[in-house]
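Listed below are the residues making up each chain.
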Amino acid sequence: MTEFETPPVLSRVAADDDGHPSATILDSRRQTGANWFSDAPGAVLEVRHTTSDDRRALERWPREVRRLCEMLGWPSGSPLAQPHGALGVCFFSAPLDGLLTATTVAEQAWVRAEQWVRAQDGDALAGDWLAASEDAVHDALRARYNAERAPLVAARAMLEAAVAHACSWQLDEEFVSVGSGVHGTAWPLDTVPSPEQVAWDAVRDVPVTLVTGSNGKTTTTRLVAAMWRAAGCHVGWSCSDGVFVHDADGTRELADGDYTGPGGARLVLRDRVVQAAVLETARGGMLRRGLATSRAHAAVITNISADHFGEYGVESLGDLARVKATVARILVLDALLVLNADDEHLRALGAALEREHPTAVAWFSRSADNALVLRGVQQHGYGAVLHDGHLLVCDDGVWGDLGALHDMPLTLRGAATHNVENAIAASLTASVAGVPFAAVHEALRRFGGSTKDNAGRMQRRVLGDVTVLVDYAHNPEGMRVLGTTAMGMAASRRLLLLGQAGNRDDAQLVALAQAAWDGARYDRVLLKEMAEMLRGRQPGDVIRVLRDALVDAGAPTEVIEECPSELEAVQAALRWARPGDLLVLPTHVQKDDVEALLDALVARGWRAGMPLVAM
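The present account deals with the structure reproduced in this document. (Residues numbered from 1 in each chain as written. Predicted model: local features only at pLDDT ≥ 70, side-chain atom pairs only at ≥ 80, totals over all residues. Heavy atoms only, no water.)

### Considering the sheet that holds strand 24 (residues 582-586)
Piece 1. Ordered by their spatial adjacency, six strands build an open sheet running 19-20-24-21-22-23, and the pairing between neighbours is mixed. Two strands bound the open sheet, and with one partner strand each, they are strand 19 (459-463) and strand 23 (560-563). For this sheet, the mean angle separating the axes of adjacent strands, direction not counted, is 20°.
Piece 2. Bridge count for strand 22 (residues 524-528) against strand 23 is four bridges, and the pairing is parallel. From the neighbouring strand, Lys528 faces strand 23, where its bridge partner is Cys563. (Pairing = 2+ DSSP bridges. Helix = DSSP H or I, 4+ residues; strand = E, 2+ residues; numbered from the N terminus. Axes fitted to C-alpha atoms, helices over the stretch in contact; angles between N-to-C directions.)

### Let's talk about the nonpolar core
Piece 1. Ranked by internal contacts, the top residues of the largest apolar core, which has 53 residues, are Val208, Leu210, Leu279, Ile301 and Leu337.
Piece 2. Per-element tally for this core: the top contributor is strand 14 (residues 331-340), with five residues.
Piece 3. Ignoring anything within four residues of it in the chain, the contact list for Leu210 reads Leu279, Thr281, Leu291, Ala296, Ala298, Ala299, Val300, Val327 and Ile330.
Piece 4. Of all hydrophobic cores here, the second largest spans 45 residues; its members include Leu45, Met71, Tyr145 and Leu159. (Core = buried A, V, L, I, M, F, W, Y, C linked by side-chain atoms within 4.5 Å. Buried < 20%, exposed > 50% of the residue type's maximum accessible area, 1.4 Å probe, protein only. Contact = heavy atoms within 4.5 Å.)

### Things to note about the packing of aromatic side chains
Piece 1. A complete count under the given rule lists five aromatic pairs for this structure.
Piece 2. Note on Phe37 and Phe91: the rings are 5.2 Å apart at their centroids and 15° apart in plane angle, and the pair reads as stacked. With a gap of 54 residues between them, Phe37 in the loop between strand 1 (25-31) and strand 2 (42-48) and Phe91 in strand 4 (residues 87-93) connect regions that are remote in the sequence.
Piece 3. On the basis of relative accessible area, Phe37 is assigned to the buried category, the value being 14%.
Piece 4. Three or more aromatic residues link up through ring pairs in this structure, and these residues are Trp36, Phe37 and Phe91.
Piece 5. For the cation-ring pair, Arg493 lies above Trp576, with the distance from its terminal atom to the ring centre recorded as 3.7 Å. (Phe/Tyr/Trp six-rings, centres within 6.5 Å; stacked < 30°, edge-to-face > 60°. Lys NZ or Arg CZ within 6 Å of the ring centre and 35° of its normal.)

### What about the sheet that holds strand 3 (residues 80-84)?
Piece 1. An order of 1-2-4-3 is seen for the four strands of this open sheet, with the pairing classed as antiparallel. At either margin of the open sheet sits one strand with a lone partner, and together these are strand 1 and strand 3. Averaged over neighbouring strand pairs, the angle between their axes works out to 15° when direction is ignored.
Piece 2. Direction of pairing for strand 3 relative to strand 4: antiparallel, over a ladder of five bridges. Counterpart to His84 in the pairing with strand 4 is Leu87.
Piece 3. Helix 1 (residues 52-72) rests against strand 2, strand 3 and strand 4 of the sheet, and its axis sits at about 15° to strand 4.

### Details of the pattern of salt bridges
Piece 1. A full pass over the atoms with the stated rule returns 40 salt bridges.
Piece 2. Arg461 is the salt-bridge partner of Glu595, the closest N and O atoms lying 3.0 Å from each other. Here the residue Glu595 occupies a position in helix 17 (residues 591-604), and Arg461 occupies one in strand 19, the gap between them amounting to 134 residues. Here Glu595 and Arg461 have matching classes, each one buried.
Piece 3. By sharing partners, the salt bridges in this structure join Arg60, Glu64, Arg67, Glu70, Arg112 and Glu134 into a single network. (Salt bridge = Lys/Arg side-chain N within 4 Å of Asp/Glu carboxyl O.)

### Let's talk about the packing of helix 14 (residues 506-517) against helix 15 (residues 541-552)
Piece 1. Interaxial distance between helix 14 and helix 15 falls to 8 Å at its minimum, and their mutual angle equals 45°. Between helix 14 and helix 15, the angle is such that the two are oblique. At the point where helix 14 passes helix 15, the crossing takes the right-handed sense. Of the residues in helix 15, those in contact with Asp506, Leu509, Val510, Leu512, Ala513 and Trp517 of helix 14 are Val542, Val545, Leu546, Ala549 and Leu550.
Piece 2. Residue composition of the contact of helix 14 with helix 15, grouped by class: 10 nonpolar, no polar and one charged. (Parallel < 35°, antiparallel > 145°, perpendicular 65-115°, else oblique. Left-handed = near helix turned anticlockwise from the far one by under 90°. Nonpolar A, V, L, I, M, F, W, Y, C, P; charged D, E, K, R; others polar.)

### Describing the side chain of Thr32
Piece 1. Its place among the elements puts Thr32 in the loop between strand 1 and strand 2.
Piece 2. Once residues within four sequence positions are removed from consideration, Thr32 is found in contact with Pro41, Leu96, Leu99, Trp169 and Arg289.

### Let's talk about the pairing of strand 16 (residues 383-387)
Along any regular strand the residues' side chains alternate between the sheet's two faces.
Piece 1. Burial analysis of strand 16 places four of its five residues in the buried class, the great majority of the element.
Piece 2. In this structure, strand 15 (residues 361-364) lies alongside strand 16, joined through two bridges in parallel fashion. Across the sheet, residue Trp363 finds its bridge partner in strand 16, namely Gly383.
Piece 3. Here strand 16 pairs with strand 17 (residues 390-395) via five bridges, running antiparallel. Following the sheet pairing, Gly383 is matched in strand 17 by Cys394.
Piece 4. Connecting strand 16 to the antiparallel partner strand 17 that follows it, the hairpin turn spans two residues, and Asp388 within it adopts a positive phi of roughly 55°.

### Brief notes about a negative patch on the surface
Piece 1. Together, Glu253, Asp256, Asp592 and Asp593 give the surface a local cluster of negative charge.
Piece 2. Elements that contribute at least two residues to the negative patch include exactly strand 11 (250-256) and helix 17. (Patch = residues over 30% accessible without salt bridge, like charges linked within 9 Å, V, L, I, M, F, W, Y side chains within 5 Å. Areas by Shrake-Rupley, 256 points an atom, 1.4 Å probe, with all protein chains shown as cover. Lys, Arg positive; Asp, Glu negative; His and termini not counted. Charge placed at Lys NZ, Arg CZ, Asp CG, Glu CD.)

### Description of the environment of Glu173
Piece 1. Residue placement: Glu173 occurs in the loop between strand 5 (169-171) and strand 6 (175-178).
Piece 2. On a C-alpha basis, the gap between Glu173 and Tyr145 in space is 16 Å, while along the polypeptide they are 28 residues apart.
Piece 3. Excluding residues that lie within four positions of it along the chain, Glu173 makes contacts with Arg30 and Leu189.
Piece 4. Of the polar contacts made by the side chain of Glu173, one reaches the side chain of Arg30; its length is 3.2 Å. (Polar contact = N/O pair within 3.5 Å; in protein donor to acceptor, adjacent residues only side chain to side chain.)

Next up, the structure:
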């Protein structure tokens, strides 16, 4: 939504409950950086696409956008309108100093497209309104744009100068910055100097790495950051657990919480201590606002699996892969995009990117003779594979052995197969970004040895005679991998904690439960209510769907128990435990409380059957 009130002339019908000028408009938002649709900022409009009139209006929308852009003196914006099931998704590029106005342009173009359809069907009033309103619409949009761009004149000039000097820029509602880390500088929007006042020879970028994918993003981000640390570099990283900077004095936390969007990335890039940046870049942030910065020096897409379908026009694995590929849009010349050669959707994506953009791809695989990896090595000198239980990476044309998987704590002696994949991805990504081979090797030898290295991600903890596996698995593929790991670990009995956010539809909940039970037979399953993440559903609804799906998948009803919260479920699991048991605990909303409980039990020397500490 825009931050301006909509003048009456811009509304053909009364606004709906969300303030949109048409009931068929579902969402309207800015894209402040490179995005799914374009390298350029712009505006996205989501509309209903269920009737023949909706479809005709969707086809008409680009023409109306071009007409309104012409009125404003903007370039045509390369508008596109695409059907995605019952949703129509529209985009056009717009000037950075007019993105709020652009959302109004997008909405008004849709209203005009709807009226055009009605006029074509003989509605004389609609035709009269289209003809009579054009001058007033032009005046209203022009006034809006003039008001919006006035405080951004200096900022826009600074960003254009940054592009001319081949360094990155970042822009938000409060600050503009150019360059990054130790070589960057930032100003409040109301104090931006003229570009001539900037010492551009001191402004440049630190190495910036973007990490995206469906699973393994946070672990890969943390591991690449650890590789930079092993190289003696002051590194900053943002991920689903917060924003962090490590320097000579240790690691400090800049923010706590999920910072996988543009806000977390900008915190890292604007920290004047940072010498290298690693930015977890999630689907949601890319779709809501686009990328936070204009340049990156390496990027990786770990894998693609089903999650969040039905949101923002993402209806298929192919759509999801193309969204993740947004990170490739800002790679600098000669930078490489790292892709998983064992993922069929990324193989297809890589072929398209190499053909259309073109984007240079470095591939990794579990197979030493993977043809894509070998071709990438021949073309660019980079690739990574497994061979005889060892991780091999080719760095600038030279193959090196990073060691045995069994000697890497992160892999749980090779049992954590997904962390084997994360280790391969991180090693190649770090090499592409410029981390020395010796530092990559050192990080792999140490990372995962401490519970703090990768908190909440396949974190193995021993509580006396009980083993606990804490993880963040939240989609079917992640749950399937977690089950495979659990079945590969010695245990007398196994317990699973299972829950999900309410913004997944029933089909996705069923798929999660089926993946949890598929190939992994648990002796106990605790279903947790997550009141903080109901997201429109009624209490108990998610648990009901998960329970029914588990039973349909073959789980005996007597092994399933429902718990009112995540923490209470973990407490129930610990009370159930006997010596030799394995507790598999995917945690989400109360992960800090769970971590504190486990820490307290370890400190007390807790063993199965002992009372729990009060929380």
